[in-house]
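Summary of structural features
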Amino acid sequence: QVQLQESGPGLVTPSQTLSLTCTVSGGSITTNYYYWSWIRQPPGKGLEWIGYIGYSGSTSYSPSLKTRTSISRDTSKNQFTLQLSSVTPEDTAVYYCARDRAVVAGPGGGYDYWGQGTQVTVSS
């Protein structure tokens, strides 16, 4: 079974960089054809897609967040990482990593595996 586990600080100071790591077990992040995604849910709001890194290392980010977002990976550790810079209290949310299945055109086939989520609070 594929398992995903988020890790990182639960509290981040405004203007600093949020950094989270997703550790994957039971499958390789380089396996064709999957897309390793970050999604968040602010309090009382719906899910918001942040971005992904694909099996080949390609990346894509939400237009509303792309200037502040970087997703990278360490294939030797089977991990991928989210960095969100210049955070504000509006970035407070539960952050999830998840695996997205491929369709012919690329990602978007649906999330079949999710991490449990981790609460990140932006506050001084």
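In what follows, the structure referred to is the one given above.
Since the structure is predicted, the reported quantities are computational estimates derived from the model, not experimental observations.

Considering the nonpolar core
Ranked by internal contacts, the top residues of the largest apolar core, which has 24 residues, are Leu18, Trp38, Phe80 and Tyr95. When contributions to this core are tallied by element, the ones reaching two or more residues are strand 3 (18-25), strand 4 (34-41), strand 5 (48-54), strand 8 (79-84), strand 9 (93-103) and strand 11 (118-122). The greatest single-element share of this core, amounting to four residues, is contributed by strand 3. Apart from residues lying up to four places away in sequence, Tyr95 is in contact with Glu6, Leu18, Leu20, Ile39, Arg40, Ile50, Leu82, Leu84, Gly117, Thr118 and Val120.

Some remarks on the packing of aromatic side chains
Overall, the coordinates contain eight aromatic pairs when judged by the stated rule. Between Tyr35 and Tyr52 the ring centres are 5.1 Å apart and the planes differ by 80 degrees, which places this aromatic pair in the edge-to-face class. With Tyr35 in strand 4 and Tyr52 in strand 5, this residue pair connects regions lying 17 residues apart in the sequence. The class of Tyr35 is buried, set by a relative accessible area of 8%.

Focus: the pairing of strand 11
A one-sided burial pattern is seen for strand 11, the buried positions being Thr118, Val120 and Val122 and the unburied ones Gln119 and Thr121. Here two bridges tie strand 2 (residues 11-12) to strand 11, and the two strands are oriented parallel to one another. For Val12, the partnering residue across the bridge sits in strand 11 and is Val122. Summarising the sheet, strand 9 and strand 11 pair through three bridges and their orientation is antiparallel. Residue pairing across strands places Ala93 opposite Val120, the latter belonging to strand 11.

The rules behind each value
Within any chain, residue numbers begin from 1 and follow the written order of that chain's sequence. A pLDDT threshold of at least 70 governs which residues receive local features in this predicted model, and a stricter bar of 80 or more applies before side-chain atom pairs are shown or counted, although totals over entire chains, interfaces and linings include all residues. Note: side-chain values were computed over all heavy atoms of the structure, leaving out hydrogens and water. By convention a nonpolar core is built from buried Ala, Val, Leu, Ile, Met, Phe, Trp, Tyr and Cys residues, the set being connected through side-chain atoms within 4.5 Å. When a residue's accessible area, from a 1.4 Å probe over protein chains only, is under 20% of the maximum for its type it is buried; when over 50% it is exposed; and in between it is partly exposed. Helix and strand assignments come from DSSP, with helices taken as H or I runs of at least 4 residues and strands as E runs of at least 2, each series counted from the N terminus. Contacts were defined at the residue level, with two residues in contact if any of their heavy atoms lie within 4.5 Å. Stacked, edge-to-face and tilted labels apply to pairs of Phe, Tyr and Trp rings (six-membered ring for Trp) whose centres lie within 6.5 Å, assigned for plane angles under 30 degrees, over 60, and everything in between, in that order. Paired strands are those between which DSSP finds at least two bridges.

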